[in-house]
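Residue-level listing of the chains:
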Amino acid sequence: MAPLTDPTRLEAYKDALSNWNPRGYIQFDLTEVAHRWIRRELNGISLKEIGRLMYEYVKAGGEIDEVRETRPEWSGEYEFHYDLRFTIQDRPVYIESRLNYQLPVIPDDSSILVVNVHAP
């Protein structure tokens, strides 16, 4: 996996994360398995709090991995997905997300869809 280095996509991802508090910038579309894992392994932490922790992780210099999307059901719609790997409540966590943005990047216009949360 390679870190996200494209300046445009990096700007859009960070912009969306910086808006973790208002609704709509970080959205979650998780399976019931992912919801159960969050309840069981992360003491039922709120999704909003996960968004805040994603922001804090990246703000502190944490790496965003950019992975070419190869799954047939998503590759026609998304060129990449974005992975974060960090610790929440002393548990290693893997977060898979998709970035929605337009060119040129307009502040407060990009969003992130979190599609999976589980142990790495």
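### Some remarks on the overall build of the protein
A tally of helices and strands in the protein yields 4 helices and 6 strands. Moving toward the C terminus, one meets the helices and strands of the protein in the order β-α-β-α-α-β-α-β-β-β. Since a compact globule built from 120 residues should have a radius of gyration of about 14 Å, the 14 Å found for the protein is in line with a globular shape. With respect to the three principal axes, the spread of C-alpha positions in the protein is 40 × 30 × 25 Å. Across the 120 residues of the protein, 42% fall into the buried class. Taking as baseline every contact in the protein between residues at least 6 positions apart, the subset at least 24 positions apart corresponds to 57%. Surface exposure of the protein reaches about 6700 Å², of which carbon and sulfur atoms provide 48%. Of the side chains in the protein, 14 bear a positive and 20 a negative charge, and the two mean positions are spaced by 6 Å.

### Regarding the packing of aromatic side chains
Applying the stated criterion across every chain yields a total of 4 aromatic pairs. Seen from their ring centres, Tyr57 and Phe86 are 4.7 Å apart, and the 15° between their planes marks the pair as stacked. Of this pair, Tyr57 sits in helix α3 (residues 47-59) while Phe86 is found in strand β4 (residues 80-88), placing the two residues 29 residues apart along the sequence. Under the relative-accessibility criterion, Phe86 is labelled buried at 10%. In textbook terms, an aromatic cluster arises when at least three aromatic residues are bridged by ring pairs, as seen for Tyr13, Phe80 and Tyr82. Sitting over the face of the ring of Trp74, Arg98 holds its NZ or CZ atom 3.7 Å from the ring centroid. Geometry around Tyr78 places Arg98 over its ring, the cationic atom sitting 5.3 Å from the centre.

### A word on the sheet that holds strand β3 (residues 65-68)
The 6 strands are arranged β1-β3-β4-β5-β6-β2 in an open sheet whose pairing can be described as mixed. At either end of the open sheet lies a strand with only one pairing partner, and these are β1 (2-3) and β2 (26-28). Sheet topology note: the β2/strand β6 (residues 111-118) ladder contains 3 bridges and is parallel. Opposite Phe28, over in β6, you have Val114 as the bridge partner. Contacts between helix α2 (residues 32-41) and the sheet are confined to β5 (91-100) and β6, with β6 contributing the most and set at about 70° to the helix.

### Considerations on helix α1 (residues 7-18)
Its 12 residues give α1 an end-to-end C-alpha distance of 16 Å, which sits within 8% of 16 Å, the value for a rise of 1.5 Å per residue. Turning to α1, its buried residues are Arg9, Ala12, Tyr13, Asp15, Ala16 and Leu17. Looking at the buried positions of α1, the neighbouring elements they touch are β2, α3, β3, β4, β5 and β6.

The rules behind these values
Residues numbered from 1 in each chain as written. Predicted model: local features only at pLDDT ≥ 70, side-chain atom pairs only at ≥ 80, totals over all residues. Heavy atoms only, no water. Helix = DSSP H or I, 4+ residues; strand = E, 2+ residues; numbered from the N terminus. Rg over C-alpha atoms; globule rule 2.2 N^0.38 Å. Buried < 20%, exposed > 50% of the residue type's maximum accessible area, 1.4 Å probe, protein only. Contact = heavy atoms within 4.5 Å. Areas by Shrake-Rupley, 256 points an atom, 1.4 Å probe, with all protein chains shown as cover. Lys, Arg positive; Asp, Glu negative; His and termini not counted. Charge placed at Lys NZ, Arg CZ, Asp CG, Glu CD. Phe/Tyr/Trp six-rings, centres within 6.5 Å; stacked < 30°, edge-to-face > 60°. Lys NZ or Arg CZ within 6 Å of the ring centre and 35° of its normal. Pairing = 2+ DSSP bridges. Axes fitted to C-alpha atoms, helices over the stretch in contact; angles between N-to-C directions. Expected span 1.5 Å × (residues − 1).

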